[in-house]
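Each chain is listed here by its residues.
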Amino acid sequence: MEWEVVIGLEIHAQLATKSKIFSGASTAYGAEANTQACAVDLGLPGVLPVFNEEALRMAVKFGLAIDAEIGLKSVFDRKNYFYPDSPKGYQTTQLHHPIVGMGHIDIELDDGETRRINVTRAHLEEDAGKSVHEGFSGMSGIDLNRAGTPLIEIVSEPELRTAKEAAAYFKKMHSIVTYLGVCDGDLSQGSMRCDCNVSLRPKGQEEFGTRTEIKNVNSFRNVERAINAEIERQMDILEDGGVILQETRLYDADKNETRAMRSKEVENDYRYFPCPDLLPVIIDQDYVDAVKETLPELPDAKKARFENDHGLSATDAAVLAANRDLADFFETAAKIAGDYKLAANWVQGDVSAALNRLEVGINELNITAEQLGRILQLIKDSTLNNGGAKEVFNALVEGKGDDVDGLVDSLGLKQVSDTGAIEEIVAQVLADNPKLVEGYLATPEEKRGKAMGPFIGLTRKAAKGVNPQVVMEVLKKKLEELG
Amino acid sequence: MALDQDQVRKIASLARLQIDDGQIAEYQTNLTNILDLVDQLSAADTDGIDPMAHPLDAVQRLRADVVTEENQRENFQKIAPATEQGHYLVPRVVE
């Protein structure tokens, strides 16, 4: 039978506030256990939550970026469940009146097509703490530093049809929230986590099949792999005439398979009700408009501009626009050089290679956009040839200096393009190597191009930075004169 | 609205309350009475009235995004039943 895959994602993104959503405790990552968990986060009796205005502003900013309806009145609800990393016995979240309503984003597929994916909603909620099961002599250790960190949970419509699309969607969301600065996007620290809902139905059937939810997938690659593994598992069961159990599963990246989490004896019943400790959050259109003013140029717009105004290829534009820091670096260098294509080649070539080799982000690289821009300028005005430019680039990356022009001088890379000067050098090379010249003259006409190689090498050795184009021309002329 | 005994057991389980079988009938009656009391609200005409999220006619106050709390772990952990290496200890929970 032919099956249609139905995928919906729930992405949790930690908002990049300094303090927690309902308390004044720090949200900084990596602190010693429980040193950033205050009375509110611990759920001690008598405490009251007070909502963080920055969390609100960031959620609204996100909503505007995905062209969503903004909830002018949003309400916090309690989702009740018992688990030790949530000491209050409930999670404060938004059920019926989320801050962000229906919106959408566009994802690019491999064939260059664009697909619009609708976003059902995004609501504000608090993160839970962390449980550590090893190293506490048969007990579990609870660290509540993360408890109360503001999150937006972004819920997609079940409109994704392949694991690849799901990964593209996750990537695009990552790109958007990091552009906005509302989330640091650090997947390794759990700043963004993804739950994948997967089901299959016979092609043409309208009714959804039974879905499973793969919890807490934390990389683009694993989203794709986990979903594919789950599709395969469900298809095997369905093809054999079996039924899918609605359950929560975990992805094991080592074995590349999903497995069921221990099923709870009683089905979850969260008994949501409006949180009596928090009043409705009311904002007006002026507030929304003011936040709108602060929206930066978003990835889609930047990509279009790179393509249409600066002649970059669709692929180059997409890669460069996907990451805001990289895009800013690229564009600063491009503007200084006055050449977007040259800058694009360098950023995608040498710069990306250096980032991969050193495993660092663009802002940690030992070369600034201004320095790269200067190097490109020197290429454009023929002060540097490509090899010389690479040498300066590498010297900067390796921390051997920070003044581009100084390095060009000290490394003797200044390209000699002056024909007169090059003629002198070439004449000297020819005079110093009479045997080579003899050999060249004995070479039949049609093989002389290749035979010129040693002279080029010798000339460039004699004067680093000679313009190879000019050297070729001069050599050709001089050798022809000789015979 | 009458609760049956299974519903009473489920509510108790969700609330992590242990109740003896002998007590179930009593809880069943008491909880049903409470629901009946609240059910009287259904008689009120609420056409055209927006549901309220809160009894107070007020709006949530916001706080500035500033870290105001200091580390008081030592004080908090004094009243915890068990701690180790800065963690609160609980019976082992693994999913």
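The name an unreviewed UniProt entry assigns to chain B is Aspartyl/glutamyl-tRNA(Asn/Gln) amidotransferase subunit C, from the organism Thalassolituus maritimus. Quoted straight from UniProt, the Subunit (unreviewed entry) entry for chain B says "Heterotrimer of A, B and C subunits." If you open the UniProt record of chain B and go to Sequence similarities (unreviewed entry), you find "Belongs to the GatC family."

Under an unreviewed UniProt entry, chain A has the name Aspartyl/glutamyl-tRNA(Asn/Gln) amidotransferase subunit B and belongs to Thalassolituus maritimus. In UniProt, chain A has this text filed under Subunit (unreviewed entry): "Heterotrimer of A, B and C subunits." In its Sequence similarities (unreviewed entry) section, the UniProt entry covering chain A states "Belongs to the GatB/GatE family. GatB subfamily."

Attention now moves to the overall build of chain B. Within chain B one finds 3 helices and 3 strands. Going residue by residue from the N terminus, the α and β elements of chain B occur as α-α-β-α-β-β. Computed over C-alpha atoms, the radius of gyration of chain B comes to 22 Å, more than 25% over the 12 Å expected from 2.2 N^0.38 for 95 residues, which places it beyond the range of a compact globule. For chain B, buried positions account for 22% of its 95 residues. Counted over contacts in chain B with a minimum sequence separation of 6, partners at least 24 positions apart contribute 29%. Averaged over its 8 positive side-chain charges, chain B has a centre that lies 13 Å from the centre of its 17 negative ones.

Attention now goes to the pattern of salt bridges. Residue and element names in this part refer to chain A. The tally for this structure, following the rule as stated, stands at 37 salt bridges over all chains. Ionic pairing is found between Lys-20 and Asp-41, a salt bridge with its closest N-O pair at 3.2 Å. Taken together, the residues span a long stretch of sequence, with Lys-20 in the loop between strand E1 (3-14) and helix H1 (39-42) and Asp-41 in helix H1 at a distance of 21 residues. Look at Lys-20 and you get buried, because its relative accessible area is 0%. Looking at Asp-41, the relative accessible area reads 7%, which means it is buried. Taking the shortest distance from any N to any O, the salt bridge between Arg-193 and Asp-127 comes out at 2.9 Å. Of this pair, Arg-193 sits in strand E11 (residues 192-202) while Asp-127 is found in the loop between strand E7 (114-126) and strand E8 (130-132), placing the two residues 66 residues apart along the sequence. Asp-127 sits in the buried class, given a relative accessible area of 6%. One salt-bridge network, held together by shared partners, links Glu-297, Lys-302, Arg-305, Arg-324, Asp-328 and Glu-331.

What follows is about the sheet that holds strand E9 (residues 139-143) of chain A. Spatially, E8(A)-E9(A)-E3(B)-E2(B) is the arrangement adopted by the 4 strands of the open sheet, whose pairing is antiparallel. In the strand order of this sheet, the two ends are held by E8 of chain A together with strand E2 (83-84) of chain B, each with one partner. Bridge count between E9 of chain A and strand E3 (residues 87-91) of chain B: 4 bridges; the pairing is antiparallel. Across the sheet, Met-139 of chain A pairs through a bridge with Pro-91 of chain B, a residue of E3 of chain B.

All names here are of chain A. The mixed open sheet is built from 8 strands, whose spatial order is E6-E7-E10-E1-E11-E12-E13-E14. Looking at the sheet topology across the chains shown, the edges are occupied by strand E6 (103-108) and strand E14 (257-260). Averaged over all neighbouring strand pairs, the angle between strand axes comes to 30°, with direction disregarded. Strand contacts of helix H4 (residues 220-239): E1, E11, strand E12 (212-217), strand E13 (248-252) and E14, with the helix running at about 25° to E11, the strand carrying the most contacts.

All names here are of chain A. Within the secondary structure, Asp-252 is located in strand E13. Exposure remark for Asp-252: the relative accessible area of 14% places this residue in the buried category. Of the polar contacts made by the side chain of Asp-252, one reaches the backbone nitrogen of Asp-254; its length is 3.0 Å.

Moving on, we come to helix H17 (residues 468-482) of chain A. All names here are of chain A. The terminal C-alpha atoms of H17 lie 21 Å apart, and with 15 residues this matches the ideal 21 Å at 1.5 Å per residue to within 8%. Turning to H17, its buried residues number three or more, namely Val-470, Val-471, Val-474, Leu-475 and Leu-479. Projected onto a plane normal to the axis of H17, the buried residues spread over an arc of 150° and lie on a single side. Seen from the open side of H17, the exposed residues pointing more than 90 degrees away from its buried face are Gln-469, Glu-473 and Glu-480.

Glancing now at the domain arrangement of chain A. Domain parsing of chain A yields domain 1 (3-286), domain 2 (297-411) and domain 3 (419-481). The straight-line distance from the C-alpha centre of domain 1 of chain A to that of domain 3 of chain A is 67 Å.

Helix-helix packing is described using two parameters, namely the angle between the two axes and the distance between the axes. All names here are of chain A. The geometry of helix H16 (residues 453-462) relative to H17 is characterised by a closest axis approach of 10 Å and an angle of 125° between their N-to-C directions. Comparing the axis directions of H16 and H17 gives the class oblique. Along this stretch, H16 crosses H17, giving a crossing that reads as right-handed. Of the residues in H17, those in contact with Phe-455, Ile-456, Thr-459 and Arg-460 of H16 are Pro-468, Val-471, Met-472, Leu-475 and Leu-479. Partitioned by chemical class, the residues of the contact of H16 with H17 number 7 nonpolar, 1 polar and 1 charged.

Calculation notes
Residues numbered from 1 in each chain as written. Chains lettered and ligands numbered in written order. Predicted model: local features only at pLDDT ≥ 70, side-chain atom pairs only at ≥ 80, totals over all residues. Heavy atoms only, no water. UniProt positions renumbered as here; feature names shortened; annotations may be inferred. Helix = DSSP H or I, 4+ residues; strand = E, 2+ residues; numbered from the N terminus. Rg over C-alpha atoms; globule rule 2.2 N^0.38 Å. Buried < 20%, exposed > 50% of the residue type's maximum accessible area, 1.4 Å probe, protein only. Contact = heavy atoms within 4.5 Å. Lys, Arg positive; Asp, Glu negative; His and termini not counted. Charge placed at Lys NZ, Arg CZ, Asp CG, Glu CD. Salt bridge = Lys/Arg side-chain N within 4 Å of Asp/Glu carboxyl O. Pairing = 2+ DSSP bridges. Axes fitted to C-alpha atoms, helices over the stretch in contact; angles between N-to-C directions. Polar contact = N/O pair within 3.5 Å; in protein donor to acceptor, adjacent residues only side chain to side chain. Expected span 1.5 Å × (residues − 1). Arc of directions from axis to C-beta. Domains from an automatic or database assignment. Parallel < 35°, antiparallel > 145°, perpendicular 65-115°, else oblique. Left-handed = near helix turned anticlockwise from the far one by under 90°. Nonpolar A, V, L, I, M, F, W, Y, C, P; charged D, E, K, R; others polar.

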